Amino acid sequence: MASHLHADRSAPQPPDRGTLDALITQARTLRGRLDAVRRDADEEGEPDPEAAGADPRTRWRRALCELAVHQLDDLGSQLDQLREGMPPDTPRAWPSADQPPGAAAADTPGAAYPAARPSGEPAPSRRDRVGSAEWNLLTDEVSWSPELYGIFGRTGRDGPLSLDELPSWVDPEDQPALATAFTDCLVDGKAIDQEFRLVRPDGSVGTVHMVGEPVLDGDGSTASMWAVVRDVSALRRSEHTVRQTRDSVQHQRHLARTEHRLAVELQEAVLPPWRGSLRFPQGDDRTGALDLAAHYLPSASSSLIGGDWYDAMELPGGATLLTAGDLTGHGVTATSGMAMLLGAVRGMALAGVGPGALMEHLNQLLDSTAQPSLGSALCCRYEPRARALTWAQAGHPAPLLFRGGVGSVLPRPEGVLLGVTSGAAYGQRTAELQPGDLLVLHTDGLAPDDPVRPSGPGPQSAASAPHAGGARLLDLADRFTAARSAQECVRTVAEAFADREREDDACVLVARVTS
C-alpha cells in the first residue's frame, strides 16, 4: 500500500533553484537542437509528408520529431512550474538555448509560460497541459488550479467539478476504470495513476493522465484527495502517428523483400542455368561451332533486380540464337516483362523469323501490353557452316568483335528502342566470322550509357562509337586473346568490372568461334 500523506504535513520545500535553472537550460538546448533535426528531416523528405504517396520513412521521421517536441515542451513547462512553485507573476517564454532562465521578456514571441490569469480567462494551451486539484471530503470544498480549467475546457465562472461530477465528463468506456481508481484511493489509500479520455463542452475529446494520493487526518481517515492532471492529448496523437508510420515502413519493407524474392526466383527460372561453357551445335567439333558462356552481374545494392536477359539456343538446322536485352524498371514487373519478351524471342526464332522481323514483332508486342514500358534488345542468328552472323538491334549496344587481339564494334543497323513508337522498322546486318573470333554481347548496365569514343586514329561515326561499358570491354582484348575458353573470358569480365559500383544490373554473353 502506498504511504499516506497527512493533513498536518509540513509544506514541501522547493528544489534548489540553481539545479532547476541548469535543467531548464539543458531542456532549451535540446529543444533548439531538435528544431534543427526536424528542419533537416523536412529538407531530406517530401515537401508535404502527409501527402498521398509520400515516403513512409519520411512520415515516420517527422512523427518521431513531433513526438520529441511534445515531450520536451511538456518537460520545459513542468520544470518551470517546479522552479516557480506558484504561477509566475511575469510571462515566461521558451527562448533560445543561450538565453539564461528568467531572462525572457513579457513580449517575447512564442511565450510558453504565461503569467497568472484572472479566473475565467482561458489559459494558453502549453501551460494548460498540467494542472492540479484537491477535493476535501470533510467540507466538500474543491480547489482547482487555473490550468486544470483549461484542460477541461471550463472557466473559473463554471467552477470546479466534484468527484461525483467528474466521471460524467469522462468517455463512457473509461468511466469504470476511473471509478475503480477513485474507490481504491479513497477507501484503500492507494495512489492514483490513471489515464482517461474526457469529453469537453465543445465536443472535443482529450486524453489526460492523473496521478494523486489520499490525504489522511490525525485519526488515519481520508480527509481529502489531491491530484495532478496532465493533458497528454498531443503526446498520444504523436505516439499514434509514430506507430502508424513505423508499421507503414515495416509493411513497405516486407513488400519490398517479398517482391525482391519473387523477382529473383522468376529471373532464375527464366535465364539459362549455365555452369561453365556450352558448345553449339552440341557434339559438333567442326570448325565454326560456338563455345559459349554467360554471366549475370548484379547491381551494387543487389536489391535492384532488373529486366536484363541473355540467352543462347540451338535452332533447327544447326543455327544458333544469341540474344541479350534489357527492359526498363526493376522488380517483379520488370522480370515478368523480361520473361514475356524472352519467351517471344525463343518462339519466333524457333519458327524461323529473322532478326529484323523478330524485332518488329517484339516492338508490336511491347507496344500492346497492358503496362507499356521500354526495352532494348539484340538478336543474332549464327550459321556455323558459313560462319555468318545476322543480327538486329533495338536501341541496344552493338556486339563487340575481337579478332587477332584487336576489338571493334560491329556497325549497327537501324533500330529504335522497343515500345517507343508503333510500326518502327528494324534493319539487320550480316558479318562473316573467322575461326578464333570472339563475340561479346552485353547490356548497358555495365557502365553509364553515354557513348565513349575509343582512342585511335581515323574518324568514327556516333553509330559505331561503343557504349561506355563496351569501351572498357575493348580494353580487355589482350586478356581475351590469352583466354583458353569462353568461360575464362566471362571470368575476366567479372573481375574487370568488380572495381566499381553499378547502379543497375547487367548481363554478358561471350561466343567464341572454334578453330
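Residues numbered from 1 in each chain as written. Predicted model: local features only at pLDDT ≥ 70, side-chain atom pairs only at ≥ 80, totals over all residues. Heavy atoms only, no water.

Some words on the overall build of the protein
Then step 1. Summing up its helical and strand segments, the protein has 10 helices and 17 strands in all.
Then step 2. Taken across its 515 residues, the protein has 45% of its residues classed as buried.
Then step 3. Looking at the protein alone, contacts between residues at least 24 apart form 63% of all its contacts between residues at least 6 apart.
Then step 4. For the protein, the exposed surface amounts to about 25200 Å²; the carbon and sulfur share of it is 51%. (Helix = DSSP H or I, 4+ residues; strand = E, 2+ residues; numbered from the N terminus. Buried < 20%, exposed > 50% of the residue type's maximum accessible area, 1.4 Å probe, protein only. Contact = heavy atoms within 4.5 Å. Areas by Shrake-Rupley, 256 points an atom, 1.4 Å probe, with all protein chains shown as cover.)

Section: the sheet that holds strand 14 (residues 406-409)
Then step 1. The strand order 7-8-17-16-13-14 describes an open sheet built from six strands, whose pairing is antiparallel. Every other strand in the sheet has two partners, leaving strand 7 (278-280) and strand 14 as the edge strands with one partner each. In this sheet, neighbouring strand axes are inclined to one another by 25 degrees on average, regardless of whether the strands run parallel or antiparallel.
Then step 2. The pairing of strand 13 (residues 400-403) with strand 14 spans four bridges and is antiparallel. Of the residues in strand 14, the one forming a bridge with F402 is G407.
Then step 3. Where helix 10 (residues 486-496) meets the sheet, it contacts strand 8 (290-297), strand 16 (438-442) and strand 17 (506-513), and its direction lies at approximately 25 degrees from that of strand 8. (Pairing = 2+ DSSP bridges. Axes fitted to C-alpha atoms, helices over the stretch in contact; angles between N-to-C directions.)

Considering the nonpolar core
Then step 1. The biggest cluster of nonpolar side chains holds 75 residues, and the ones touching the most others in it are L322, L362, V440, L473 and F480.
Then step 2. Leaving out residues up to four positions away in the same chain, L322 has contacts with L290, L292, D311, A312, L378, C379, C380, L439, L441, L509 and A511.
Then step 3. Among the nonpolar cores identified, the runner-up in size contains 23 residues, and L148, C185, F196 and A227 belong to it. (Core = buried A, V, L, I, M, F, W, Y, C linked by side-chain atoms within 4.5 Å.)

Remarks on the pattern of salt bridges
Then step 1. In this structure the tally under the stated criterion is 12 salt bridges.
Then step 2. Residues D174 and R197 are paired through a salt bridge, measuring 2.9 Å at the closest nitrogen-oxygen approach. Separated by 23 residues along the polypeptide, D174 in the loop between helix 3 (146-152) and helix 4 (175-188) and R197 in strand 4 (residues 192-199) bring together distant segments of the chain.
Then step 3. The class of R197 is partly exposed, set by a relative accessible area of 29%.
Then step 4. Ionic contacts of the salt-bridge type, sharing partners, join the residues D171, E173, D174 and R197 into one network. (Salt bridge = Lys/Arg side-chain N within 4 Å of Asp/Glu carboxyl O.)

A few points about the packing of aromatic side chains
Then step 1. For the structure on display, the rule yields four aromatic pairs.
Then step 2. When the centroid spacing of 5.0 Å and the interplanar angle of 40 degrees are considered together, the rings of W144 and F152 count as tilted.
Then step 3. Each ring, one from F402 and one from F480, has its centre 4.9 Å from the other, and the planes form 85 degrees; the classification is edge-to-face. One end of the pair, F402, is in strand 13; the other, F480, is in helix 9 (residues 477-482), with 78 residues separating them in the sequence.
Then step 4. A residue is classified by how much of its surface remains accessible, and F402, at 5% relative accessible area, is buried. (Phe/Tyr/Trp six-rings, centres within 6.5 Å; stacked < 30°, edge-to-face > 60°.)

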